[in-house]
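# Inside the fold
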Amino acid sequence: MGKFLADRRTEIRVVAAAVGMRLVVYLLSVCILFLFGEFTETFTFSDFLGAWTRWDSPHYIDVARYGYGGAVEDGKHLFLVFYPLLPWLLRLLHMFIGDYRLCGILLSVVCYAVGSLYFYRLTERELGERAAENAVVMLSVFPFSFFFGAVLTESLFLAISAAFLYYLREHRWHLVAMLGFFACLTKVQGVLLAAAVAAEILYAERFFTRLKERDWRAILRKVLLPGLLCAAMLFGLGIYLYINWRVEGDPFRFLYYQRTHWYNGYLPIWETISYVAENALAGICTSVGLSIWVPELVLFFVWLVWIAYGICRRLRPVYLTYLIVLFFVTFSSSWLISGGRYTLCALPGFMLTGEWLAKHERWKIPAAAISAMLMTLYLAGYMTGKQVM
């Protein structure tokens, strides 16, 4: 009973700290807007909401307001590239709250708190309490973590993916299938969670050993049946493809718009890093270079360090597999301009960071302080319309 109460108190602190962090970042954004903004009249709450509704955010709101068929730009359904769960939730909340932007902000705060709680639980289970605390802190002050407060899918995906990985380790397959279904409706990275499922089932149930022993009954009961149940998560992708077909008669129409309008398609990873490095070196003293290309290049090596460290310490395959798949998908883009935001999906990387800091405690405060300063810098850029996306 005592341990239960202690655990509950810890979880309450995690949730309270997560909500507090969002409020601090919002307050900081207001200070930045006061300092650098050009407001001819009194600063209003609508100005605050507008500042947090930039880049892709208005597109999600348009889909929520008009549906995919009605959200048209230049006579085209360009917003088919945006996955439907966030717009659906915005539309649902709008039945009770009159401003779509406020709906998005509230949804982000709640999802961030839930995601932080599950991320803490997951890391504590695998790596211990100190590592869990460090991991949550480093995720919260990551230079691009302010996106968790925007009207975007980052907080929503954090909540879903952290809970997904937690219940995957618990082998609660029904919850895994349900959360995976929602993940596939949230963003493209949701489909990659299927690789984590495969890795966990094959490893935990000793598939190759059972195959060698020809233990067909155990393979059927412990590998194939859970795998088939979890495969139901892909129905989320099926719904998204159906939306594309319903709107334009082609289930893969989003790929066309990704390539022709958003200039984002597949590129071998070495070619991606080549143009990222070239742009970073050429623009190291420019706003665009420091906003986009230099962070992309630095983060490429951060991912490599995460993967190498995970391999060296023999991180459980479920996490290492997911991290590696995410790495290749993230850095195989023909126009990688949101690598910092995509890195927020790499929960195993932050778990490893938390563990390393637990072993090297003297680096915890300097690492958190430097990261928080960079977050403040990029938040200022985001608030003032720089190419931080």
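Residues numbered from 1 in each chain as written. Predicted model: local features only at pLDDT ≥ 70, side-chain atom pairs only at ≥ 80, totals over all residues. Heavy atoms only, no water.

### Here's the deal with the overall build of the chain
As a reminder, the rule being used: Comment: elements are numbered from the N terminus, with helices defined as DSSP H or I runs of at least four residues and strands as E runs of at least two. Per-residue accessibility, obtained with a 1.4 Å probe over protein chains only, is compared with the maximum for each type, and a residue is labelled buried under 20%, exposed over 50%, and partly exposed between these values. Contacts are assigned to residue pairs that have any heavy atoms within 4.5 Å of one another. What sets the accessible areas is the Shrake-Rupley method with a 1.4 Å probe; for residues, cover comes only from the shown protein chains. Only four residue types enter the charge count: Lys and Arg as positive, Asp and Glu as negative, with His and the chain ends excluded. Note that the charge is assigned to NZ on lysines, CZ on arginines, CG on aspartates and CD on glutamates.
Of the regular secondary structure elements, the chain holds 19 helices and zero strands. Counting only C-alpha atoms and orienting by the principal axes, one finds that the chain spans roughly 75 × 55 × 50 Å. The buried share of the chain, reckoned over its 389 residues, is 50%. The contacts in the chain between residues at least 6 apart in sequence include a share of 75% that link residues at least 24 apart. Total accessible area on the chain stands at roughly 18300 Å², and carbon and sulfur atoms take up 67% of it. Counting 34 positive and 27 negative side-chain charges, the chain places the centres of these two groups 9 Å from one another.

### Observations regarding the nonpolar core
Grouped burial of nonpolar side chains is what soluble globular proteins tend to show. Basically, it comes down to this: Buried residues of nine kinds, namely Ala, Val, Leu, Ile, Met, Phe, Trp, Tyr and Cys, make up a nonpolar core once their side-chain atoms join them within 4.5 Å.
Judged by nonpolar contacts, the single largest core of 129 residues is most densely connected at Trp 52 and Phe 146. Take this core: its biggest share by element is 13 residues, from helix α5 (residues 100–127). Those residues in contact with Phe 146, other than ones at most four positions away along the chain, are Arg 22, Val 25, Trp 52, Met 375, Tyr 378, Leu 379, Tyr 382 and Val 388.

### Remarks on the state of the cysteines
Put simply, the rule is: The disulfide criterion is simple: two cysteine sulfur atoms within 2.5 Å.
Enumeration over the complete set of coordinates arrives at zero disulfides. Not engaged in a disulfide, the cysteine Cys 111 finds its nearest cysteine sulfur in Cys 103; these two sulfurs lie 13 Å apart. Exposure remark for Cys 111: the relative accessible area of 9% places this residue in the buried category.

### Section: the packing of aromatic side chains
Cut-off, in case you're wondering: Between 30 and 60 degrees the pair is tilted, below 30 it is stacked and above 60 it is edge-to-face, where a pair is any two Phe, Tyr or Trp rings, Trp via its six-membered ring, whose centres lie within 6.5 Å.
In the structure shown here, the tally under the stated rule is 36 aromatic pairs. Where Phe 79 meets Phe 82, the ring centres are 6.2 Å apart and the plane angle is 45 degrees; that geometry is what we call tilted. For the pair Phe 79 and Phe 82, a shared accessibility class is recorded, and that class is buried. Aromatic side chains Tyr 112 and Phe 148 sit 5.2 Å apart centroid to centroid with 40 degrees between the ring planes, which places their arrangement in the tilted category. Here Tyr 112, found in helix α5, pairs with Phe 148, found in the loop between α6 (129–140) and α7 (154–169); they are 36 residues apart in sequence, far enough to count as distant.

### A short note on the pattern of salt bridges
Heads up, the condition is: A carboxyl oxygen of Asp or Glu within 4 Å of a side-chain nitrogen of Lys or Arg is what we treat as a salt bridge.
On inspection of all chains with the given rule, the structure shows 16 salt bridges. The residue Glu 170 makes a salt bridge to Arg 125 at a minimum N-O spacing of 2.4 Å. Of this pair, Glu 170 sits in the loop between α7 and α8 (173–184) while Arg 125 sits in helix α5, placing them 45 residues apart in sequence. It is possible to trace a salt-bridge network through shared partners that takes in Asp 56, Glu 154, Lys 187 and Arg 341.

### Overview of the layout of surface pockets
Empty space among the atoms becomes apparent when a probe as large as a water molecule is rolled across them. Keep this limit in mind: Grid points spaced at 1 Å over the protein atoms alone were grouped into cavities, where a 1.4 Å probe fits but cannot get out, and pockets, open sets with protein on both sides within 12 Å along at least five of seven lines, with lining residues defined by an atom within 4 Å of a point. Grid points are joined across faces, edges and corners, and a volume is the space filled by probe spheres set on the points. Polar here means any residue outside two lists: the nonpolar Ala, Val, Leu, Ile, Met, Phe, Trp, Tyr, Cys and Pro, and the charged Asp, Glu, Lys and Arg; Gly therefore counts as polar.
Here the largest pocket defines a volume of roughly 1100 Å³. Around the largest pocket sit 39 residues that line it, and Val 81, Val 188, Gln 258, Asn 264 and Tyr 342 are the ones nearest its centre. When residues of the lining of the largest pocket are traced back to their parent elements, those giving at least two are α3 (57–70), α9 (189–204), α12 (235–248), α13 (253–260), α16 (317–330) and α17 (339–342). Among the elements that make up the lining of the largest pocket, the one with the highest residue count is α13 (three residues). Partitioned by chemical class, the residues of the lining of the largest pocket number 23 nonpolar, 11 polar and five charged. Quantified by volume, the second largest pocket comes out at close to 770 Å³.

### Looking at a nonpolar patch on the surface
As a reminder, the rule being used: Only residues whose relative accessible area exceeds 30% and that form no salt bridge are eligible for patches; like-charged ones are grouped when within 9 Å, while nonpolar side chains (Val, Leu, Ile, Met, Phe, Trp, Tyr) are grouped when within 5 Å.
On the surface, a cluster of nonpolar side chains totalling about 420 Å² of accessible area is made up of Leu 202, Phe 208, Leu 211 and Trp 216. Structurally, Trp 216 is set in helix α11 (residues 216–230).

### Details of unusual backbone geometry
Even without being glycine, His 171 reaches a positive phi, approximately 60 degrees. Locating His 171 in the fold gives a position in the loop between α7 and α8. With a phi angle near 50 degrees, Arg 206 is a residue other than glycine that sits in the positive phi range. Relative to the elements of secondary structure, Arg 206 occurs in the loop between α9 and α10 (207–213). Residue Arg 206 is classed as partly exposed on the basis of its relative accessible area of 43%.

### Some words on the side chain of Glu 355
Structurally, Glu 355 can be placed in helix α18 (residues 347–359). Filtering out sequence-adjacent residues up to four positions away, Glu 355 remains in contact with Leu 127, Ala 131, Tyr 309 and Arg 313.

### A few points about helix α14 (residues 269–282)
For clarity, the cut-off: Take the residue count of a helix, subtract one, and multiply by 1.5 Å to get its expected span. The directions from the helix axis to the C-beta atoms form the arc being described.
Over its 14 residues, α14 runs 20 Å from end to end, which matches the ideal 20 Å to within 8%, given 1.5 Å per residue. Buried residues of α14: Ile 269, Thr 272, Ile 273, Tyr 275, Val 276 and Ala 280, and no others. The buried residues of α14 all sit within an arc of 165 degrees when viewed along its axis, so they share a single face. Of the residues in α14, the exposed ones pointing more than 90 degrees away from the buried face are Trp 270, Glu 278, Leu 281 and Ala 282. Buried residues along α14 sit against α15 (287–312) and α16.

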